[in-house]
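Topology and contacts: notes
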Amino acid sequence: MNDSSKLKELIVEGIRDRKGRKITVVDMADIDEASARSFIIAEGTSTMHVASIVESVADYVRIHSGIKPFNADGNDGSEWIVLDYGDIWAHIFLPEARMRYNLEDLWADAVISELPDLD
């Protein structure tokens, strides 16, 4: 398993640790104009849940790999927060914001994989 695959796995585990839902991996490695090689997209049920998932991902990745995000950014209401890990960005949304920004359709030419919820 390469470093990128391991980082994706750690991000997904961090999301699942706080019961993040509807996890989607958008692989944009073959798209020249893409800002990252991969997006991992998930959602929480409330602004507090979104913030909790983001905290879990950052902690989980740091503890298991020593990697910290280059940046974390989001809107004031915690409807959408992104963690920037260089080639991989983790986007955590409220369901309404996820539908509004619709990153999966924006990058429809990417390889998109939906991961099953565990519960």
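The preceding data block contains the structure.
Values in this document were obtained by computation on a predicted structure and should not be read as measured data.

Mapped onto the secondary structure, glutamate 43 falls in strand β2 (residues 38–43). Exposure remark for glutamate 43: the relative accessible area of 11% places this residue in the buried category. Ignoring sequence-local partners within four residues, the contact set of glutamate 43 consists of Gly20, Arg21, Lys22, Ile53, Phe93, Pro95 and Arg98.

This part takes up the nonpolar core. Generally speaking, soluble globular proteins have nonpolar side chains that are buried together. If you look at the biggest cluster of nonpolar residues, it comprises 22 residues, and the most contacted ones within it are Ile11, Ile15, Ile40, Val57 and Tyr85. Looking at this core element by element, the count peaks at 6 residues for helix α2 (residues 47–65). Setting aside anything within four residues of it in sequence, one finds isoleucine 40 in contact with Lys8, Ile11, Val12, Ile15, Ile23, Thr24, Val25, Ile88, Trp89, Ala90 and His91. Within the second largest apolar cluster, 12 residues are counted, among which are Val26, Ala36, Leu103 and Trp107.

For the rest of this paragraph, the subject is the packing of aromatic side chains. Each aromatic ring pair is specified by the distance between its two centres and by the angle formed by the two planes. All told, the structure shown has 5 aromatic pairs when counted by the stated rule. When the centroid spacing of 6.4 Å and the interplanar angle of 90 degrees are considered together, the rings of phenylalanine 39 and tryptophan 107 count as edge-to-face. With phenylalanine 39 in strand β2 and tryptophan 107 in the loop between α4 (103–106) and β6 (111–114), this residue pair connects regions lying 68 residues apart in the sequence. Both residues of the pair, phenylalanine 39 and tryptophan 107, belong to the buried class. The structure contains a cluster of three or more aromatic residues connected by ring pairs, namely Phe39, Trp89 and Trp107.

Rules and cut-offs
Residues numbered from 1 in each chain as written. Predicted model: local features only at pLDDT ≥ 70, side-chain atom pairs only at ≥ 80, totals over all residues. Heavy atoms only, no water. Helix = DSSP H or I, 4+ residues; strand = E, 2+ residues; numbered from the N terminus. Buried < 20%, exposed > 50% of the residue type's maximum accessible area, 1.4 Å probe, protein only. Contact = heavy atoms within 4.5 Å. Core = buried A, V, L, I, M, F, W, Y, C linked by side-chain atoms within 4.5 Å. Phe/Tyr/Trp six-rings, centres within 6.5 Å; stacked < 30°, edge-to-face > 60°.

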